[in-house]
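Tertiary structure, described
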Amino acid sequence: MPSDFNQLLSQRRSIRAYKTDPVDRLVVERICSAARRAPSGANLQPGKFHVLSGTALDSLKTRLDKAQQDGTPIEQEYSYFPKVMSADLKDRQRRAGFALYEALGIAKRDVKGRREQFARNYRFFDAPVGIVVTIDRDMGKGCFMDLGMSLMTFLLAAENEGLGATGIGALANYGGVVHDHLHLPDDEMVVCGIAVGVADMSAEVNHFRTERLALEEFSSFSGFERK
């Protein structure tokens, strides 16, 4: 595997603070085109990227902010996490959350601070570009896997362009609000969002990294000759 790819992969991280620098549309088009090169079963190429910036993005953020203030009920059209999370997964989730809030200087018992930080998901972390990712409601579970490969390709392509990005799964909490605001076709379901822009590396949160499992924890090997 080329070393430059290893470097690209290792330096990618979820960016939650951005500079105000605008992002050229042609750059985003290149990233989207790269994402579409991801493999998919039967070449169905599931998923669409609705790219917003400027007043279009501001309008959506205002609508999402209003939904929160009005107490609009959260309605997810698909299950993101297991309905019953095992102890080891729950521990992994907690450790990631604690590390994030520590990087932000938010105390464990600061409920208000945590709530405010989570609300930044719906402002696309003030990135200059926000993307709403959708999928056809009739697609099977395997197509979500295909869309995931496209999303990872998108994130790496953004990194390759010198931009920061992060996925925003929380956007699906208000999928109906987003769907209505963007006048999406009835057969499209909101899956997630993506924030894109120039990373503000002076922000401590952008130096936060989550842990990764050791190779032996998620892989098994059979039939190889030992050297």
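You'll find the structure just up there.
Here we summarise the structure given alongside this text. Once a new chain begins, its residue numbering starts again from 1 and follows that chain's sequence as written. The predicted origin of the model limits local features to residues at a pLDDT of at least 70 and limits the giving and counting of side-chain atom pairs to 80 or more, whereas totals for whole chains, interfaces and linings rest on all residues. Based on all heavy atoms of the structure, the side-chain values leave hydrogens and waters out of the count.

Once that is clear, we can look at the overall build of the protein. A tally of regular secondary structure across the protein gives eight helices and four strands. Helical segments are the DSSP runs of H or I of at least four residues, strand segments are the runs of E of at least two, and each set is numbered from the N terminus. The linear arrangement of helices and strands in the protein, starting from the amino end, is α-α-β-α-α-α-β-α-β-α-β-α. Radius of gyration: C-alpha atoms only; globule rule: 2.2 Å multiplied by the number of residues to the exponent 0.38. For 227 residues, the compact-globule estimate of 2.2 N^0.38 gives 17 Å, and the protein sits close to it at 18 Å. C-alpha extents for the protein along the principal axes are approximately 60 × 45 × 40 Å. With a 1.4 Å probe rolled over the protein chains alone, any residue whose accessible area is under 20% of its type maximum counts as buried; one over 50% counts as exposed, and the rest are partly exposed. Within the protein, the fraction of its 227 residues that count as buried is 38%. By definition in these notes, contact holds between two residues if any of their heavy atoms fall within 4.5 Å. For the protein, restricting intrachain contacts to residue pairs at least 6 apart in sequence, the fraction spanning at least 24 positions comes to 83%. Using the Shrake-Rupley algorithm and a 1.4 Å probe, accessible areas are obtained, with residue cover drawn only from the displayed protein chains. Here the protein displays about 14,100 Å² of accessible surface, and carbon together with sulfur accounts for 52% of that area. When the 30 positive and 30 negative side-chain charges of the protein are each reduced to one mean point, those points stand 4 Å apart. Positive: Lys, Arg. Negative: Asp, Glu. His and the chain ends are not part of the count. Charge placement uses NZ in Lys and CZ in Arg. For Asp and Glu, CG and CD serve respectively.

Taken together, the side chains of L213, L215, F218, F221 and F224 present a nonpolar region at the surface, about 580 Å² in accessible area. Looking at the secondary structure, you find F224 in the segment after α8 (215–218). Two joining distances apply to patches: 9 Å for like charges and 5 Å for nonpolar side chains (Val, Leu, Ile, Met, Phe, Trp, Tyr), and every residue must have over 30% relative accessible area and no salt bridge. A carboxyl oxygen of Asp or Glu within 4 Å of a side-chain nitrogen of Lys or Arg is what we treat as a salt bridge.

Further remarks concern the environment of M149. For M149, the location among the structural elements is in helix α6 (residues 141–160). Among all residues touching M149, those that are not within four sequence positions of it are A38 and P39.

Remember, this is a structural readout, not a statement about activity or role.
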